[in-house]
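Examination of the molecular architecture
As a plain string of letters, each chain reads:
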2 protein chains.
Amino acid sequence: MRPTLQTVADAVGVSRSTVSNAYGRPDQLSPELRARILATAKELGYAGPDATARSLRRGRAGAVGVLFTTTLSYAFVDPFAVLFLRGLAEAVERNGTGLLLVPLSTEDEAASVAAVQNAVVDGFCVYCVPEWHGSLEALRSRGLPVVTTEYRDDVPAGELQVGVDERAATRAAARHLLGLGHRRIALLTNDMAPKGETGPLDLAGPGDFRYFVERERVSGVAEVFAEVGVGWDDLIVVNAAANSRASGAQAAAHALDRADRPTAIVACTDLLALGAMDALAARGLTPGRDVSVTGFDDIPEAAPAGLTTVRQPAVSKGTLAGELLLDPPEDPAERRLLLPTELIVRASTGPATMRR
Amino acid sequence: MRPTLQTVADAVGVSRSTVSNAYGRPDQLSPELRARILATAKELGYAGPDATARSLRRGRAGAVGVLFTTTLSYAFVDPFAVLFLRGLAEAVERNGTGLLLVPLSTEDEAASVAAVQNAVVDGFCVYCVPEWHGSLEALRSRGLPVVTTEYRDDVPAGELQVGVDERAATRAAARHLLGLGHRRIALLTNDMAPKGETGPLDLAGPGDFRYFVERERVSGVAEVFAEVGVGWDDLIVVNAAANSRASGAQAAAHALDRADRPTAIVACTDLLALGAMDALAARGLTPGRDVSVTGFDDIPEAAPAGLTTVRQPAVSKGTLAGELLLDPPEDPAERRLLLPTELIVRASTGPATMRR
DNA sequence: TTGAAAGCGGTACCAT
DNA sequence: ATGGTACCGCTTTCAA
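Criteria and cut-off values
Residues numbered from 1 in each chain as written. Chains lettered and ligands numbered in written order. Predicted model: local features only at pLDDT ≥ 70, side-chain atom pairs only at ≥ 80, totals over all residues. Heavy atoms only, no water. Salt bridge = Lys/Arg side-chain N within 4 Å of Asp/Glu carboxyl O. Helix = DSSP H or I, 4+ residues; strand = E, 2+ residues; numbered from the N terminus. Buried < 20%, exposed > 50% of the residue type's maximum accessible area, 1.4 Å probe, protein only. Polar contact = N/O pair within 3.5 Å; in protein donor to acceptor, adjacent residues only side chain to side chain. Contact = heavy atoms within 4.5 Å. Pairing = 2+ DSSP bridges. Axes fitted to C-alpha atoms, helices over the stretch in contact; angles between N-to-C directions. Core = buried A, V, L, I, M, F, W, Y, C linked by side-chain atoms within 4.5 Å. Least-squares fit on C-alpha atoms with pLDDT ≥ 70 in both. Near = heavy atom within 4 Å. Nonpolar A, V, L, I, M, F, W, Y, C, P; charged D, E, K, R; others polar. Domains from an automatic or database assignment. Parallel < 35°, antiparallel > 145°, perpendicular 65-115°, else oblique. UniProt positions renumbered as here; feature names shortened; annotations may be inferred. Buried area = accessible area lost by both parts, 1.4 Å probe. Phe/Tyr/Trp six-rings, centres within 6.5 Å; stacked < 30°, edge-to-face > 60°. Lys NZ or Arg CZ within 6 Å of the ring centre and 35° of its normal.

Details of the pattern of salt bridges
Two side chains that carry opposite charge are able to pair once their charged atoms sit near each other. With the rule as written, the count across this model stands at 34 salt bridges over all chains. For Arg-283 of chain A, the salt bridge goes to Asp-257 of chain A, with nearest N and O atoms at 2.7 Å. One end of the pair, Arg-283 of chain A, is in the loop between α11 (270–282) and β10 (292–297); the other, Asp-257 of chain A, is in the loop between α10 (245–256) and β9 (264–267), with 26 residues separating them in the sequence. What makes Arg-283 of chain A partly exposed here is its relative accessible area of 33%. Where Arg-311 of chain B meets Asp-298 of chain B, a salt bridge forms, and the shortest distance between an N and an O atom there is 2.7 Å. Remark: Asp-298 of chain B occurs in the loop between β10 (292–297) and α12 (302–305) and Arg-311 of chain B occurs in strand β11 (residues 308–311); sequence separation between them is 13 residues. Each member of the salt-bridge network shares a partner with another, and the members are Glu-131, Glu-150, Arg-152, Asp-154 and Arg-215 of chain A.

Here it is in structure tokens:
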């Protein structure tokens, strides 16, 4: 059997408290006794106080949990997520706190709920988890501090937030395209509906999107185009099964291969936009000349590709989320952080041209 | 005060065991009672069984800890690490297990040790942590399963391993350069010595490197060149302060600005190699023509840059590490996995040319 | 089907 | 400086 504190205490002939102090409060006992205790512990193969028991007693886990949209590994697939996590990691490690990536399952919601309930953490960071997902409720009912990466009103009061004005951001992108003369555009989304399939979407309006971010981004575009008489039904909306380059290319194909090919493609993420550019290339089309493309996030890959996109601070979004979580401000106003966005114009957008 | 199992039990008028069963073993009590318990719990704001207490009692944490070379955030900075973690994440999440990134501190070793001791996990994955680091000893003494990403003999018996033959890999790269006529080469390392400064290194031999991986990779190159009479002292060794592109460029500068400029640069990682290519570009030199460059890892950025490098399986290295950890094989032979490497020749290497 | 009791492995207050 | 004693919150035989 694995030795415990008691084992060591008995062997040395002291009390548990003293052994405990030998580890956690060296100043509470004579150096000599401490040395003897530590030596005996080593001899017995005692590894030091058990982490779980210590956490239970101290009431502190020393880690914050991170929840991702879909799966745990998505954290290492999406370039924006990686940047965000870098920031989050920097903030928490400064504090000696760890990061627990919680395994959510796409197939088994019960498993996800269990994972959230069993997570030994002091707080949670929620990265784009759909509001209807059961794990979110499980998470909130734990009563721990929670920070989300969306800036929105319809959440439990007091929840920490760090986000951007998604809608205003895409409005800027839409105005840019409008100014370039574009009137026939396609929207590339990644709504991750239960059975996400790549293909055209026929929705009554932006409000039908299931994801907050998707809803907001699409709304921004729709608003701007509506102002000039281009209604919702005039927009070509194509959903991508996943937020990946390949999926973006597939989705873009649906728009590009239409008889009334759009002159511009507005993608909800850079990954989708880069995929759209791949699709253009495959058809011998040049971004910014034949068809304009915009993205969202400004991931590192965007600049070399010449992608016009909305930049949002990735790393600092993570850092701020971490700081908020580790030391939640009292003032409600400080519990919600709105970060700036900026439209970065590159070569992938240009004047609308008539089709040759 | 937060409600506990007891609170709920008292409120309903049953015992703790029954409430516990209501959550963990629904079949052990009448559906009706269970419903009443759950309703009361909700009313009381009871969030369900405490994660830490449950872990303690069950003796299972539901997570594996991950240790990184330097800091936690490095996990999201190094492209190879990101790929590795993706694989690891995929493996563990399949099992419903989480990933706890343990915060190591560069400055405060005691803090790192504490972080390892307090990590609530069922096992550890060690990613390139130097063997002399105190946290490693703390980790091993916990007696949990451990998997390391290096294939080597001088570790505690039974430790799980998944790695590559680093030395053989760089031997292949060196032979490639040799075949192209290169005799005067520079080595770019990232030994992360305590006070890592970028600059020339004057070591007695490859054995002086503090890191296993560095030692092995450099040894491979040295061995091959020694065979043709190019000794250790003929090699230009420059250390980079960090494993980053910028640092690699800085280090490469030391080699490139010498009077006897090397005709080839062998970098210990792709990041350093890409930095070296940056340094070449800054000097108007063309990789593969003026100076050849090789890297290690074959990260995604390597191909577009035309970098000749050693490929090692990044994602599957992570997957295998995870599988090993979650279900350690009995057979000692299966506890150590040697993965293949492959030299990928691209445009960054070419025939050695006399300096113009 | 439900409950009593015994831990899981420690920590920290309060005496001595 | 050291020890006694609760107690952290839950799970799990085992008995009723």
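Considering the side chain of Thr-309 of chain A
All names here are of chain A. Looking at where Thr-309 falls in the secondary structure, it is placed in strand β11 (residues 308–311). Within the structure, Thr-309 has its side chain in polar contact with the backbone oxygen of Gly-295 (distance 3.2 Å). Setting aside residues no more than four positions away along its own chain, Thr-309 makes contact with Asp-270, Gly-295, Phe-296, Asp-297, Asp-298, Ala-302, Glu-342, Leu-343, Ile-344 and Arg-346.

Examining the sheet that holds strand β4 (residues 146–148) of chain B
In space, the 12 strands of this open sheet follow the order β12(A)-β5(A)-β4(A)-β3(A)-β1(A)-β2(A)-β2(B)-β1(B)-β3(B)-β4(B)-β5(B)-β12(B), with mixed pairing throughout. Strands at the two margins of the open sheet, each flanked by one partner only, are β12 (336–339) of chain A together with β12 (336–339) of chain B. If you compare each strand with its neighbour and ignore which way they point, the axes differ by 20 degrees on average. Helix α7 (residues 134–141) of chain A rests against β1 (63–68), β3 (124–127) and β4 (146–148) of chain A of the sheet, and its axis sits at about 155 degrees to β3 of chain A.

A look at the nonpolar core
Core analysis: the largest hydrophobic core is formed by 112 residues, its most contacted members being Phe-76 and Leu-99 of chain A together with Phe-76 and Leu-99 of chain B. Excluding its chain neighbours within four sequence positions, the residues that come into contact with Phe-76 of chain A are Val-82 and Leu-101 of chain A together with Phe-76, Val-82, Leu-85, Arg-86, Ala-89 and Leu-99 of chain B. Core analysis: the next-biggest nonpolar cluster, separate from the first, contains 33 residues, Ala-119 of chain A together with Val-102, Val-116 and Val-121 of chain B among them.

Observations concerning the relation of the copies chain B and chain A
With an axial shift of 0.0 Å and an RMSD of 0.2 Å, the rotation relating chain B to chain A amounts to 180 degrees. Here the transformation between the copies is reduced to the relation of a two-fold axis. Considering only C-alpha atoms, the part of chain B nearest the rotation axis is Leu-100 of chain B, at 2.1 Å.

Examining the protein's contact with DNA strand D
Neighbouring DNA strand D are 26 residues; Thr-18 of chain A together with Ser-20, Tyr-46, Arg-54 and Arg-57 of chain B lie closest to it. One of the side-chain N or O atoms of Arg-16 of chain B is found 2.7 Å from a base nitrogen in DNA strand D. Between Ser-20 of chain B and DNA strand D, the recorded distance is 2.6 Å, taken from a side-chain N or O atom to a phosphate oxygen. Within the residue set of the surface near DNA strand D, elements represented by two or more residues are α2 (16–24) and α4 (51–58) of chain A together with α2 (16–24) and α4 (51–58) of chain B. In terms of residues, the surface near DNA strand D owes the most to one element, α4 of chain B, which gives 4 residues. Broken down by class, the residue content of the surface near DNA strand D amounts to 9 nonpolar, 10 polar and 7 charged.

Some points on the protein's contact with DNA strand C
For DNA strand C, the set of nearby residues contains 26 residues, the closest of which are Ser-20, Tyr-46, Arg-54 and Arg-57 of chain A together with Thr-18 of chain B. When atoms of DNA strand C within 4 Å of the protein are sorted by moiety, sugar and phosphate together comprise 60%. Note that a base oxygen of DNA strand C is positioned 2.7 Å from one of the side-chain N or O atoms of Arg-57 of chain A. Interatomic distance of 3.0 Å between a backbone N/O atom of Ser-30 of chain B and a phosphate oxygen of DNA strand C. When residues in the surface near DNA strand C are grouped by element, the largest group, 4 residues, is from α4 of chain A. Split into classes, the residues belonging to the surface near DNA strand C amount to 9 nonpolar, 10 polar and 7 charged.

Details of the domain arrangement of chain A
Domains assigned within chain A are domain 1 (1–49) and domain 2 (166–312 + 341–354). Between the C-alpha centres of domain 1 of chain A and domain 2 of chain A there is a distance of 64 Å.

Quick notes on the packing of helix α1 (residues 5–12) of chain B against α2 of chain B
Residue and element names in this part refer to chain B. Orientation of α1 relative to α2, taken along the N-to-C sense of each, is 110 degrees, at an axis distance of 8 Å. Classified by the angle between their axes, α1 and α2 sit roughly perpendicular to one another. Seen from α1, the contacting residues are Leu-5, Gln-6, Val-8 and Ala-9; seen from α2, they are Arg-16, Val-19 and Ser-20. Among the residues forming the contact of α1 with α2, the class breakdown is 4 nonpolar, 2 polar and 1 charged.

Describing the UniProt feature "domain: HTH lacI-type" (unreviewed entry) in chain A
When the UniProt feature table is mapped onto this chain, "domain: HTH lacI-type" (unreviewed entry) is found at residues 3–58 of chain A. Measuring from the first to the last C-alpha atom of residues 3–58 of chain A gives 21 Å, for a span that is 70% helix and 0% strand.

Side note on the interface of chain B and chain A
Across the contact, 41 residues belong to chain B and 41 residues belong to chain A. Interface area for chain B against chain A, summed over the two sides, is near 3200 Å², with a carbon-plus-sulfur share of 61%. When the buried area of chain B at its contact with chain A is split by residue, Thr-52, Phe-76 and Glu-93 of chain B rank highest and sum to 19% of it. For the pair chain B and chain A, the number of links is 0 salt bridges. Applying the counting rule to chain B against chain A returns 10 residue pairs in polar contact (both at pLDDT 80 or more). Broken down by secondary-structure element, the contributors of at least two residues to the side of chain B that touches chain A are α4, α5 (79–93), β2 (98–101), α6 (109–118) and α7 (134–141) of chain B.

Focus on the environment of Gly-45 of chain A
In this fold, Gly-45 of chain A is placed in the loop between α3 (31–44) and α4. As a C-alpha pair, Gly-45 of chain A and Leu-324 of chain A span 279 residues in sequence and 40 Å in three-dimensional space.

Some points on the packing of aromatic side chains
The description of two aromatic rings rests on the distance between their centres and on the angle between their planes. Counting across every chain of the model gives 11 aromatic pairs over all chains. For the ring pair Phe-84 of chain B and Tyr-127 of chain B, a centre distance of 5.1 Å and an interplane angle of 50 degrees mean the geometry is tilted. Here Phe-84 of chain B, found in helix α5, pairs with Tyr-127 of chain B, found in strand β3 (residues 124–127); they are 43 residues apart in sequence, far enough to count as distant. Using a relative accessible area of 6% as the deciding quantity, one classes Tyr-127 of chain B as buried. Grouping aromatic residues by their ring pairs yields a cluster made of Phe-68, Tyr-74, Phe-84 and Tyr-127 of chain A. The lysine or arginine in question, Arg-210 of chain A, covers the ring of Trp-132 of chain A, its NZ or CZ lying 3.8 Å from the ring centre.

Overview of the sheet that holds β11 of chain B
Residues and elements named next belong to chain B. Pairing is mixed in the open sheet, where 7 strands are placed in the order β7-β8-β6-β9-β10-β11-β13. With partners counted over all chains shown, the strands left at the sheet margins are β7 (199–200) and β13 (342–344), one partner each. Where β11 lies against β13, 3 bridges are found, and the strand directions are antiparallel. Bridge pairing in β13 places Arg-311 opposite Glu-342. The sheet contacts of helix α8 (residues 166–179) involve β9 (264–267), β10, β11 and β13, and relative to β10 the element is tilted by about 160 degrees. Of the strands in this sheet, β6 (185–189), β9, β10 and β11 touch helix α11 (residues 270–282), which is tilted by about 155 degrees from β10.

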